[in-house]
Amino acid sequence: MPFTFERVSAAPVSEAARQHQARMRDGVRLATDVYLPPEAAPGDASFPAVLVRLPYDKSSRYAFFDRIAPLFTARGYALVVQDVRGKFRSGGRTLPFLQEPQDGYDSIDWIVHQSWSDGRVGMFGDSYYGFTQWAAVSAEHPALRAIVPRMTMADFNTPLRPAGRDRLGPPLWLEGVEYFAHHWVDNDTYEFEPDRSHRPLIEQFEQAFTAIGARSTWFDLLAPRQAGLPTQLGRHPFDARPVPVLHCVGWFDNIVTAHMRDYMELASRPGWDAVQFLWAGSVDHENYRLAQAPVPDEEDHNTDEAALDRMLTGYTGPALDFFDVFLKGVRPVSTLPKVNWELGRAGWRTSRAWPPEGSTERTFWLTDPGGAAGPLPGAALSDAPAGPEQEARWTHTPDAPVPSLVENSFAYLRSHPDLAPVAAREDVLAFSGPVLAHPLDLAGPIGLALHVTSTAPVFDVFAKLVDLAPDGRAHLIARGQVAVPEAGSAAGIHLDLGHTGYRLAPGHRLALLVSSSDFPLYVPAPGTGESPWTALTTKPSIQTLRTGGAHPSRLTVTVAPAETATH
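These numbers were taken from a predicted model, which means no experiment stands behind them. (Residues numbered from 1 in each chain as written. Predicted model: local features only at pLDDT ≥ 70, side-chain atom pairs only at ≥ 80, totals over all residues. Heavy atoms only, no water.)

Here's the deal with the overall build of the chain
We count it as follows: Labels follow the DSSP assignment, with helices taken as runs of H or I lasting at least four residues and strands as runs of E lasting at least two, numbered in each case from the N terminus. Within these notes, the globule rule equals 2.2 Å times the number of residues to the 0.38 power, and the radius of gyration is based on C-alpha atoms. Using a 1.4 Å probe on the protein chains alone, a residue whose accessible area is under 20% of its type maximum counts as buried, one over 50% counts as exposed, and one in between counts as partly exposed. All accessibility values rest on the Shrake-Rupley procedure with a 1.4 Å probe; residue burial counts only the protein chains present in the view. Charged residues are defined here as Lys and Arg on the positive side and Asp and Glu on the negative side; His and the ends of the chain fall outside this count. To locate a charge, take atom NZ for lysine, CZ for arginine, CG for aspartate or CD for glutamate.
When helices and strands are counted, the chain shows 10 helices and 23 strands. For the chain, the C-alpha radius of gyration of 24 Å lies close to 24 Å, the compact-globule estimate for 567 residues. Each principal axis of the C-alpha distribution contributes one length, and for the chain these read about 80 × 60 × 45 Å. Looking at the chain residue by residue over its 567 residues, the buried ones come to 57%. Counting every atom, the chain has about 21300 Å² of accessible surface; 52% of that belongs to carbon and sulfur. The averaged location of the 65 negative side-chain charges in the chain is 4 Å from the averaged location of its 48 positive side-chain charges.

Below, the structure is given as structure tokens:
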């Protein structure tokens, strides 16, 4: 059967925009839309500009900049939206990351030479177009005054860097590597559905590229070797001249862990710390909200126009307020909270720092593991360490992996599945804390220290922190995962479950799920030590978790103070 795909080309340019071809230093021209405030007249008025550089078609319904533009121009900003090099209407080679510092600098330079520019530029955008902001920061154009990176990271290579023979790394995040096969082949985007259970997996992508008639260079560099590549040339952005940053993160974003690492590092750096601001909401990568999850059709902004209009106010509002301070200078810095964060299930809060001042660490010890291989509540998360060492085992069967229950983790809250059926599997360990008599407010980092060994030369560990309701339903709060070479597991395994703001209500329980697969979001480790891309055969493996005695396995959460401010 022929491999089928859909080719997505550039949508028509909005009638509200004027498209230009901005020239870069090497002569390549990048398609650039300019939206001006309604009071703009030829040769009259100048405005600060907000630049967005993205690879997903500046005119697309997916990026919806024709709908965003009026919100910016009504506040007196010129909005400039550009297809990055090699994508849609822009010229140049289709290759991510490497040219973005130079192109970011040259695009800002192009803006400040326009008659409508007042010489001040900010940047805005999500995901890859959050990365292009960091790339521009690294180039240090003097006109760049502030950035608002959303749901992103300064180094997109981090979640794709594989484990070594004696060091931990991430499991094979298929969504992450597959992204390059869809979006970075040529100017267009290609939609296709590979059979992720096929072996060898790499054949599915070879068939796709043959059908398309072109290849993704970056995919070829990552798979099947998963070698990892630099995503910046020259200066790292954190070593550049500090600029004011509003970090916008989602507690349910699949890359929140990486973005919060960026924020925490910059918040600790002299020179950067004073101009770091955090907005953190109970949203996922695609801006679906916990308060609406699972999202009904009438609230799905991806398909419903009225829902999109409702979503955009909250989406753009924090950025516009930030630019009013650091780009226009019409509001004092004191009007911006240093940290504006949502306590999931309990509303918004402000604080002077993150985690909020007065927060404390609480440790839950994994105890009585003999009851872990069964349905929730399973074994115990206890306030006191276990006594003598105990253990629990589970079998990882690559041909029958633990299901993800979502096919797209970027839009996790759209379906927000109940994880209780997964917890009931024999290849998943479950631990639960006591029934809460009072609310438990989580606000800060979450860490998990486990002692796990395996019969496989390389194995994966997935951990999901969940809210176990009185009716038995279990919903995700945070997650972490790691690929472990057996030789590197003797000293224990640390999983970073990122940060969260979340309230567990009275009657609920904090629970933890541990497994060795999460399919189809991640490719199951074959159990043979071979690359998951090229393995033809698989082998079940037995994982052993130890806790107590010399091997205390434990979960550490951050608990907000009871007097945390609300608004």
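As for the pairing of strand β22 (residues 541-547)
The test is simple: We call two strands paired when DSSP finds no fewer than two bridges between them.
Of all seven residues in β22, five are buried; the element is thus mostly enclosed. Bridge analysis of strand β15 (residues 390-396) against β22 gives seven bridges, and the strand direction is antiparallel. Opposite Gln390, over in β22, you have Thr547 as the bridge partner. Sheet topology note: the strand β17 (residues 440-454)/β22 ladder contains four bridges and is antiparallel. Residue pairing across strands places Thr453 opposite Thr544, the latter belonging to β22.

Let's talk about the layout of surface pockets
We apply this condition: Lining residues are defined by having an atom within 4 Å of a point belonging to a cavity or pocket. Those points lie on a 1 Å grid over the protein atoms alone, cavities being sets where a 1.4 Å probe fits but cannot get out and pockets being open sets with protein on both sides within 12 Å along at least five of seven lines. Grid points are joined across faces, edges and corners, and a volume is the space filled by probe spheres set on the points. All amino acids are sorted into three groups, where Ala, Val, Leu, Ile, Met, Phe, Trp, Tyr, Cys and Pro are nonpolar, Asp, Glu, Lys and Arg are charged, and the leftover types, Gly among them, are polar.
Roughly 1400 Å³ of volume is contained in the largest pocket. What lines the largest pocket is a set of 47 residues, among which Tyr62, His183, Glu286, Asn408 and Phe410 lie closest to the centre. If you list the elements that add at least two residues to the lining of the largest pocket, you get α3 (128-139), α4 (174-183) and β8 (189-191). Of the residues forming the lining of the largest pocket, the biggest block, seven residues, is contributed by α4. Classifying every residue of the lining of the largest pocket gives 24 nonpolar, 12 polar and 11 charged.

Topic: the packing of aromatic side chains
Here is the rule: Each Phe, Tyr or Trp ring (for Trp, its six-membered ring) is paired with any other whose centre lies within 6.5 Å, and the angle between the two planes then decides the class: stacked below 30 degrees, edge-to-face above 60, tilted in between. Any Lys NZ or Arg CZ found within 6 Å of a ring centre and within 35 degrees of that ring's normal is scored as a charge over the ring.
Under the counting rule described, the total for this entry stands at 34 aromatic pairs. Ring centres 4.9 Å apart and planes at 50 degrees place the aromatic pair Phe322 and Phe326 in the tilted group. A residue pair is termed a helical-turn pair when its members lie 3 or 4 positions apart in one helix, as Phe322 and Phe326 do in helix α8 (residues 305-328) at four residues. When sorted by exposure, Phe322 lands in the same class as Phe326, which is buried. The interplanar angle of 65 degrees and the centroid separation of 5.1 Å between the aromatic rings of Phe462 and Tyr522 together place this pair among those described as edge-to-face. On the criterion of sequence distance, the pair formed by Phe462 in strand β18 (residues 458-468) and Tyr522 in the loop between β21 (509-515) and β22 is long-range, its members being 60 residues apart. Take Phe462 and Tyr522: they sit in the same class, and that class is buried. Three or more aromatic residues joined by ring pairs make a cluster, and in this case those are Tyr56, Tyr62, Phe65, Phe97, Tyr128, Tyr129, Phe131, Tyr179, Phe180, Trp184 and Trp218. The aromatic ring of Phe277 is capped on one face by Lys338, whose charged end is 4.5 Å from the ring centroid.

Examining unusual backbone geometry
Apart from glycine, the bulk of residues carry a negative phi angle, and the bulk of peptide bonds sit in the trans form. Here the bond from Arg199 into Pro200 is cis, since omega is 0 degrees, no more than 30 degrees from zero. Along the chain, Pro200 turns up in the loop between β8 and α5 (202-212). For the bond running from Leu376 to Pro377, omega is 15 degrees, close enough to zero to count as cis. Structurally, the position occupied by Pro377 is in the loop between β13 (360-367) and β14 (379-382).

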